[in-house]
Amino acid sequence: MPHPTSQAKAAVTRDDVARLAGVSPAVVSYVVNGGPRPVSPAKEAKVRQAIRALGYRPNAAARALALGSSEMLGMIVSDAMNPFFASLARAVENAAAERGYTLLLADSQASLRTERRLIKNFAARRVDGLFLCSMLFEPDLMDLEQAEIPAVLLNHSTDLATAGSPAVMKHGAGAHSSNSVGVAFQDGARMAVEHLISHGHEHIGLVMGGNAGGELDAREVGWHQGIQDAGLTAGPIVRAPFTREGGHRAGQELLARAERPTAVFVSSDQQAVGLLCALHEGGLRVPEDLAVFAFDGSPESEYTWPRLSTVAQPIDDLAQTALEALLAPKPGGETQTKIFPTELVLRASCGCH
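Bear in mind the structure is a predicted one, so any value in this text is a computation, not a measurement.

Rules used in this analysis
- Residues numbered from 1 in each chain as written.
- Predicted model: local features only at pLDDT ≥ 70, side-chain atom pairs only at ≥ 80, totals over all residues.
- Heavy atoms only, no water.
- Pairing = 2+ DSSP bridges.
- Helix = DSSP H or I, 4+ residues; strand = E, 2+ residues; numbered from the N terminus.
- Axes fitted to C-alpha atoms, helices over the stretch in contact; angles between N-to-C directions.
- Phe/Tyr/Trp six-rings, centres within 6.5 Å; stacked < 30°, edge-to-face > 60°.
- Buried < 20%, exposed > 50% of the residue type's maximum accessible area, 1.4 Å probe, protein only.
- Lys NZ or Arg CZ within 6 Å of the ring centre and 35° of its normal.

A. Summary view of the sheet that holds strand β9 (residues 263-266). On the basis of which strands lie adjacent, the open sheet formed by six strands has the order β8-β7-β9-β10-β11-β13 and mixed pairing. Each edge of the sheet is formed by a strand with only one pairing partner; in this case those strands are β8 (237-239) and β13 (343-345). Pairs of neighbouring strands in the sheet enclose a mean axial angle of 20°, with direction left out of account. The sheet contact formed by strand β10 (residues 291-296) and strand β11 (residues 309-312) spans four bridges and is parallel. Bridge pairing in β11 links D296 to A312.

Dropping the structure here:
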């Protein structure tokens, strides 16, 4: 027979804390859960002292059962190493924490199979909601719908982009069954091209990332629109992954061309970082030999050389709006798409000083 001291120590319960603090178990619950009823400072101090003395840890599973909520939200991004997605995830996490939620972040690593597996895993874990930066325009959310878990498509590209104040479109034919929040990708790209044209460029190329669904990206549409509106001929298109390595290979391909464009619009800051490296290695001056304008507005763009001109997305607004869409859905199951305008951040890489 094992010695009594070697037996597993019984878990400390809420009732144990209540007895030591000299209060009711309900008061302990109010202190641990931050409500719903107020507790006097004196009683709260006694409860917290008892919790420390006994080493009490609330049962998360029991709490979730009692509240009918896990108080956890999920988020899937396509590349957690991308500075833009890292900034967006932090903004979402901060917004969620203000409402008492913990954010669980997962990285699909630009794999559609991984994205689907992660959606299934989050559904099985019964999170209270999911933010999805999907590889697809129309992702499969059946697992979430069956589990009655709401989702918001975040950083979502749509051809309904409009400039000005955030646009709100009601759910209609061919639209998503989930809320979506994004920016005016097409308008942002068009404005970047128009700015390059204002510097006198008439031969503007494109470095464009791809997506798993093969849909035409709104940034590419905006690039075409800006060129056509000016009556110019489109420059070369180089397709590359949304990575530094992809941008570097795109830069090498541009360097190998007999006729290079005088300016290039790049679909992400991360690609532009790799592109700048390749251009420097090839002996080209930016912006004198090739002007560069990117898209995202990530913190990294301010520390390239030269500093990167970029189309900035309002990350905090995206995070707050996505959280509201997830936690406070419209009555009757009505879904909405919210589109925010972008902003041109003008720096040296496009020729601005």
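Past the structure itself, the notes keep going.
B. Structural view of the packing of aromatic side chains. Considering all chains together, one arrives at two aromatic pairs under this definition. Between F84 and F85 the ring centres are 5.5 Å apart and the planes differ by 65°, which places this aromatic pair in the edge-to-face class. Residue F84 is classed as buried on the basis of its relative accessible area, which comes to 2%. An angle of 15° between the planes, with centres 5.3 Å apart, marks the rings of F185 and F295 as stacked. Here the residue F185 occupies a position in helix α8 (residues 185-198), and F295 occupies one in strand β10, the gap between them amounting to 110 residues. Neither residue differs from the other here; F185 and F295 are each classed as buried. Stacked on the ring of F295, the Lys or Arg R219 has its end atom at 5.5 Å from the ring centre.

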